[in-house]
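Breakdown of the fold
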Amino acid sequence: MTTQNLGQQDSAGNPGGQGLSSADHIELAQTRSAHNYSPLPVVIAEGRGAWVTDVEGRRYLDCLAGYSAMNFGHHNPDLLAAAHAQLDRVTLTSRAFYNDQFGPWVSALADMVGKEKVLPMNTGAEAVETGIKVARKWGYEVKGVPENQATIVVAGANFHGRTTTIISFSSDSEAKTGFGPYTPGFRSVAYGDARAVEDAIDETTVAVLIEPVQGEAGVIVPPADYLPRIREICDANRVLFIADEVQSGLGRTGTIRACEHTGVVPDAYLFGKALGGGVLPVSAMVADEDVLGVIQPGQHGSTFGGNPLAGAVGQTVVRMLTEGPYLENARKLGEVLRRRLEGFVGNGVVSARSIGLWAGVDVDPALASGKELCKRLAEHGVLVKDTHGSTVRMSPPLVISEDDLNWGLDRFGEVLAELRAEQR
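Let us look at the structure shown here. Note that the structure is predicted; figures quoted are calculated from it, not measured.

So, how was this worked out
Residues numbered from 1 in each chain as written. Predicted model: local features only at pLDDT ≥ 70, side-chain atom pairs only at ≥ 80, totals over all residues. Heavy atoms only, no water. Phe/Tyr/Trp six-rings, centres within 6.5 Å; stacked < 30°, edge-to-face > 60°. Helix = DSSP H or I, 4+ residues; strand = E, 2+ residues; numbered from the N terminus. Buried < 20%, exposed > 50% of the residue type's maximum accessible area, 1.4 Å probe, protein only. Lys NZ or Arg CZ within 6 Å of the ring centre and 35° of its normal. 1 Å grid on protein atoms, 1.4 Å probe; cavity = no way out; pocket = protein on both sides within 12 Å on 5 of 7 lines; lining within 4 Å. Points joined across faces, edges and corners; volume = space filled by probe spheres on them. Nonpolar A, V, L, I, M, F, W, Y, C, P; charged D, E, K, R; others polar.

So, the packing of aromatic side chains
A complete count under the given rule lists six aromatic pairs for this structure. Centroid distance tryptophan 51 to tryptophan 407: 5.4 Å. Interplanar angle 50 degrees. Geometry classified as tilted. Of this pair, tryptophan 51 sits in strand E2 (residues 51-54) while tryptophan 407 sits in helix H13 (residues 402-423); the two residues are 356 residues apart in sequence, bridging distant segments of the chain. The class of tryptophan 51 is buried, set by a relative accessible area of 9%. Relative to tyrosine 226, the ring of tyrosine 191 lies with its centre 5.3 Å away and its plane at 70 degrees, an arrangement referred to as edge-to-face. Of this pair, tyrosine 191 sits in the loop between strand E6 (186-189) and helix H7 (194-200) while tyrosine 226 sits in helix H8 (residues 226-237), and the two are 35 residues apart along the sequence. Over the face of the ring belonging to tryptophan 51 we find arginine 59, whose NZ or CZ atom lies 4.4 Å from the ring centre. Here the guanidinium or amino end of lysine 176 rests over the ring plane of tyrosine 182, the centre of that ring lying 4.9 Å away.

Let's talk about the layout of surface pockets
Picture a little ball the size of a water molecule; that probe, rolled over the atoms, points out where space is still empty. Roughly 660 Å³ of internal volume is contained in the second largest pocket. As for the second largest pocket, its lining consists of 25 residues, and the residues nearest its centre are Arg95, Phe102, Val118, Leu119 and Pro120. Contributions of two or more residues to the lining of the second largest pocket are made by helix H3 (102-113), strand E4 (117-121) and helix H9 (289-292). Taken together, the residues of the lining of the second largest pocket sort by class into 13 nonpolar, eight polar and four charged.

A look at unusual backbone geometry
A negative phi holds for most residues other than glycine; trans holds for most peptide bonds. Across the junction of glycine 180 and proline 181, the peptide omega takes the value 5 degrees, indicating a cis bond. Mapped onto the elements of the fold, proline 181 is located in the loop between helix H6 (173-176) and E6. A positive phi is found at alanine 65, a non-glycine position, where the angle reads about 55 degrees. Within the secondary structure layout, alanine 65 lies in the loop between strand E3 (59-62) and helix H2 (77-87).

Here's what the structure looks like:
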């Protein structure tokens, strides 16, 4: 298996579509859909590898990859073959019955990360909700916390999803304001501060829920001793350590789990996004029997969770990660990304953080907002996404070639130069 040429294949585009131009599509979407997103004015019609094409046939280098859902690139032949084969057989049975993809998939996923059990869901937010429910039930039945008093320690500036429970412990006012009353039972402390985690724990604490790298916050990589200290603190206080690897896991940082960078093994992993290969939403909580064993029939579930199509695609994702060159490519090109971004610091960039093929770039706010920079980059043929003011996130597909990555970073440099020239 190789990533060679996957990021360089031409996409023929679909200039006609249904006879609508980009402007027509944007107007239709703005008129008939709720405004829960503020997209860049690009209407994508096709994708191949690291490239996408709009309805007029213009090509763009995708350096967002669906927030890591497209880790294996667009139109990945292995994933499409698995999906096509399963589409001809059966796509949904519900968990009222067994299906022939379920057992092999959950076994492969559990083995890949060294755990015993899998509880499959669909979206990343569902995986996090599952982690919360399991941790509370474990706390009541195993640890002996009094009923309805369980607490979970989380980190400030987190992003775990947008369900009502999850936004209850969000520090993002846009995600939270106007959606109360909020769910109790969470204690938020500063990210990267293990002592603050320790101070927040008491006899009611059942779990610490942490992103090994905070993505939405701007790719914030914590101090090297942070996750190991949390592991020690959880062990000392009989508290579950739950790692939200929805964005950071499955190759994004150059490892299957971002926790591997510091040698930490949490009690449970939460996976999503790339677990569905960009084909369909697939997520899961993965832990040992002593954690997931608290869930009994009827206590948690999902009609689509663990469906045969998800199982076929999920098995392929596991195989690609364990047999393919994706992790190596992420590590190798991650160094290229890091070096190139460091070169922009002082030239329109205030700071840059990266791990694997994942970066957060803080643009000088006097130069441009993150949204403005993203619009300019799109005009130059590169797609990225802003977050929190003047921060831009980069997470290209793991199939991207070094030439294409450098081409995209060259365009980034051009846009910065243009913005600086306009200030003079």
